[in-house]
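One letter stands for each residue in the lines below.
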Amino acid sequence: MMNYMPGTASLIEEIDEKHLVLLRDGRTLIGFLRSIDQFANLVLDETVERIHVGKKYGDIPRGIFVIRGENVVLLGEIDLIKECKRVLRPVSIEEILEDQRCQQQAKQEAEKTKLQVAPESYLQRALGANQVVIVNLSFHDRKRRRKGRFSTRS
């Protein structure tokens, strides 16, 4: 019969194993789990930050990394045998950072284009179809509205 340990105590058996940690800000860290506490704060040793772009990846060495538990989205052990059978191609840090920058620029351009094509539809989706919003009334418009000279009827 397997003993169940509640909470982060169950990870004590995982100490000194290689783990992948996905953080709330989207970063991926890989390192050896050295310590954990009741708040799920982690200490990783020999840590690298892995950046994926398409079928390529790059590892940025980070050394010892202390991670606050509230920032952890996912923690998983890495199978060292299967890690050798990678589908992704490793590239230099400079190359992966340049690819990441290009990918982020392309994503920003796509968002910009979407907003230019149909800005009303994004506003309607965000607020709901039946809501009416008065945006940025000038000082004079507010003054006229108080005096009853500004009609709000449809």
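Our subject in this report is the structure included herewith. Remember, predicted model here, so these are calculated numbers, not experimental data. (Residues numbered from 1 in each chain as written. Predicted model: local features only at pLDDT ≥ 70, side-chain atom pairs only at ≥ 80, totals over all residues. Heavy atoms only, no water.)

### Here's the deal with unusual backbone geometry
Trans peptide bonds make up most of the peptide bonds, and negative phi angles are found at most residues other than glycine. Convention followed: Only DSSP runs of H or I covering at least 4 residues are called helices, and only runs of E covering at least 2 are called strands; the numbering of each starts at the N terminus.
Non-glycine residue Asp16 carries a positive phi angle of around 70 degrees. With respect to the secondary-structure elements, Asp16 resides in the segment before β1 (18-23). The residue Glu46 is not glycine, and still its phi comes out positive at about 50 degrees.

### Details of the nonpolar core
Nonpolar side chains in soluble globular proteins tend to be buried together. Cut-off, in case you're wondering: Remark: nonpolar core denotes a set of buried residues (Ala, Val, Leu, Ile, Met, Phe, Trp, Tyr, Cys) joined through side-chain atoms within 4.5 Å. Under the scheme applied here, a residue whose accessible area is under 20% of the maximum for its type counts as buried, over 50% as exposed, and between as partly exposed, the area being computed with a 1.4 Å probe on protein chains only. Working rule for contacts: check all heavy atoms of both residues, and any pair within 4.5 Å makes them a contact.
Counting nine residues, the largest nonpolar core consists of Val21, Leu23, Leu29, Leu33, Ile36, Leu42, Leu44, Phe65 and Ile67. Elements with a minimum of two residues in this core: β1, β2 (28-36), β3 (42-53) and β4 (56-67). It is β2 that provides the largest number of residues to this core, a total of three residues. Contacts of Leu33, omitting those with residues within four sequence positions, involve Leu11, Glu14, Ile15, Asp16, Glu17, His19, Leu42, Val43 and Leu44. Within the second largest apolar cluster, five residues are counted, among which are Ile51, Ile60, Val91 and Ile96.

### Considering the sheet that holds β1
Selection rule: In this description, strands pair whenever DSSP reports at least two bridges between them.
Ordered in space as β5-β1-β2-β3-β4-β6, the six strands form an open sheet in which the pairing is mixed. The open sheet is flanked by β5 (72-77) and β6 (89-90), the only strands paired with a single partner.

### Things to note about the side chain of Lys18
Positionally, Lys18 belongs in strand β1. What Lys18 contacts, discounting residues up to four positions off in sequence, is Ile30, Gly31, Phe32, Gly76, Glu77, Ile78, Leu80 and Glu83.

### With respect to the pattern of salt bridges
Quick reminder of the rule: The salt bridge definition used is simple: a Lys or Arg side-chain nitrogen within 4 Å of an Asp or Glu carboxyl oxygen.
Evaluated as defined, the whole model comprises ten salt bridges. In this structure, the salt-bridge partner of Asp45 is Arg34, at a minimum N-O distance of 3.3 Å. Here Asp45, found in strand β3, pairs with Arg34, found in strand β2; they are eleven residues apart in sequence, far enough to count as distant. On the basis of relative accessibility, which here comes to 21%, the residue Asp45 falls in the partly exposed class.

### Remarks on the environment of Ile12
In this fold, Ile12 is placed in the segment before β1. Ile12 sits 22 residues away from Arg34 along the chain, and the two C-alpha atoms are 9.5 Å apart.

### Describing the pairing of β3
A regular strand carries its side chains on alternate faces of the sheet. Relative to β3, β2 is paired through seven bridges, and the arrangement is antiparallel. In the strand pairing of β3, Leu33 is matched with Leu44. Pairing of β3 with β4 involves ten bridges; the strand directions are antiparallel. Looking at β4, one finds that Leu44 is bridged to Phe65. Here β3 folds back onto β4, and the loop between the two strands holds two residues, one of which, Gly54, carries a positive phi near 60 degrees.

In short, the description is geometric, and any link to function would need to be established separately.
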